[in-house]
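Descriptive analysis of the structure
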Amino acid sequence: MSPQSKGYSKTLTLSAMFLAIGLVLPFFTGQLHAVGNMLLPMHLPVLLCGLICGWQYGGLVGFILPLLRFSLFGRPQMPLAIPMAFELAAYGLIVGFLYGRSKWKCVLALYRSLLIAMVGGRIVWAVGRVILAGVSNIPFGWQVFLTAGFVEALPGILLQLTLIPIIMVALDRTGMVPFGKRDAEAEQV
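Residues numbered from 1 in each chain as written. Predicted model: local features only at pLDDT ≥ 70, side-chain atom pairs only at ≥ 80, totals over all residues. Heavy atoms only, no water.

**Some thoughts on the packing of helix α3 (residues 43-53) against helix α4 (residues 55-73)**
Packing of α3 against α4 leaves a shortest axis separation of 6 Å and a crossing angle of 160°. By the angle class used here, α3 and α4 are roughly antiparallel. Once α3 is placed against α4, the crossing between them reads as right-handed. Along the contact surface, α3 presents Val46, Cys49, Gly50 and Cys53, while α4 presents Trp55, Tyr57, Gly58, Val61, Gly62 and Leu65. Per-class residue counts for the contact of α3 with α4 are seven nonpolar, three polar and no charged. (Axes fitted to C-alpha atoms, helices over the stretch in contact; angles between N-to-C directions. Helix = DSSP H or I, 4+ residues; strand = E, 2+ residues; numbered from the N terminus. Parallel < 35°, antiparallel > 145°, perpendicular 65-115°, else oblique. Left-handed = near helix turned anticlockwise from the far one by under 90°. Contact = heavy atoms within 4.5 Å. Nonpolar A, V, L, I, M, F, W, Y, C, P; charged D, E, K, R; others polar.)

**With respect to the environment of alanine 109**
Its location among the elements puts alanine 109 in helix α6 (residues 107-135). The exposure class of alanine 109 is buried, given its relative accessible area of 2%. Considering only alpha carbons, one finds alanine 109 and leucine 98, 11 residues apart in sequence, at a separation of 8.3 Å. Sequence-distant contacts of alanine 109, defined by excluding residues within four places in its chain, comprise Tyr99, Ser102 and Trp104. (Buried < 20%, exposed > 50% of the residue type's maximum accessible area, 1.4 Å probe, protein only.)

**Comments concerning the pattern of salt bridges**
Close approach of charged atoms lets side chains of opposite charge pair. The tally for this structure, following the rule as stated, stands at one salt bridge. For glutamate 87, the salt bridge goes to arginine 122, with nearest N and O atoms at 3.1 Å. On the criterion of sequence distance, the pair formed by glutamate 87 in helix α5 (residues 81-100) and arginine 122 in helix α6 is long-range, its members being 35 residues apart. As far as the burial class goes, glutamate 87 and arginine 122 line up, both buried. (Salt bridge = Lys/Arg side-chain N within 4 Å of Asp/Glu carboxyl O.)

**Here's the deal with α3**
Of all the 11 residues making up α3, 10 are buried; the element is thus mostly covered by neighbouring parts of the structure. Here α3 has its buried residues at His43, Leu44, Pro45, Val46, Leu47, Leu48, Cys49, Gly50, Leu51 and Cys53.

**Re the packing of aromatic side chains**
One pass over the full model with this rule turns up three aromatic pairs. Pairing phenylalanine 27 with phenylalanine 73 gives two aromatic rings, centres 4.9 Å apart and planes at 80°, and the pair type is edge-to-face. Of the two residues, phenylalanine 27 sits in the loop between α1 (3-24) and α2 (33-39) while phenylalanine 73 sits in helix α4, which places them 46 residues apart along the sequence. For phenylalanine 27, a relative accessible area of 39% puts it in the partly exposed group. Relative accessible area serves as the criterion here: at 36%, phenylalanine 73 is assigned to the partly exposed category. Aromatic pair tryptophan 55 and phenylalanine 97: ring centres 6.5 Å apart, planes at 80°, arrangement edge-to-face. With tryptophan 55 in helix α4 and phenylalanine 97 in helix α5, the pair connects residues that are 42 residues apart, well separated along the chain. Residue classification places tryptophan 55 among the partly exposed positions, given a relative accessible area of 32%. Arginine 69 extends its terminal NZ or CZ atom over the ring of phenylalanine 27, reaching a point 4.8 Å from the ring centre. (Phe/Tyr/Trp six-rings, centres within 6.5 Å; stacked < 30°, edge-to-face > 60°. Lys NZ or Arg CZ within 6 Å of the ring centre and 35° of its normal.)

This is the structure:
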């Protein structure tokens, strides 16, 4: 097996693992809508997938995850799973793209990528919800955007900003994810 095939197989396997984690993690919140909105359990594996596997895989896993989870378990409910699919895709795309293009793979670059991805994903979610409000009877406005997107989600946002750097530093110590230098793929760009 060539080194390039091994890298592709590893990335594909990791992406599948993040998808599986995203399917299972919401069970720890008891599938309760309010707790899920507060802790954002599907966001963690998507953000990690974008960081570790790259923006293409992060975006794809993010888009598939809520739709597959709805198909298997009925949550998140339709039609709300649709804007969530675009939101999670944006998280994976943005965080993977920004972090992959960072000159230095460090905690500062990680936080910058995470924060921009979180804001970008929320904007994509809001646009999706506005479109959904136009074609359905599910109301959406500034108050809902601020409350659901930021106030209720604050514990999950803080959890992401705490756990993801810890996980990435731990992976750096194992040699899986390098910090402090550019990786070979980023240097070719």
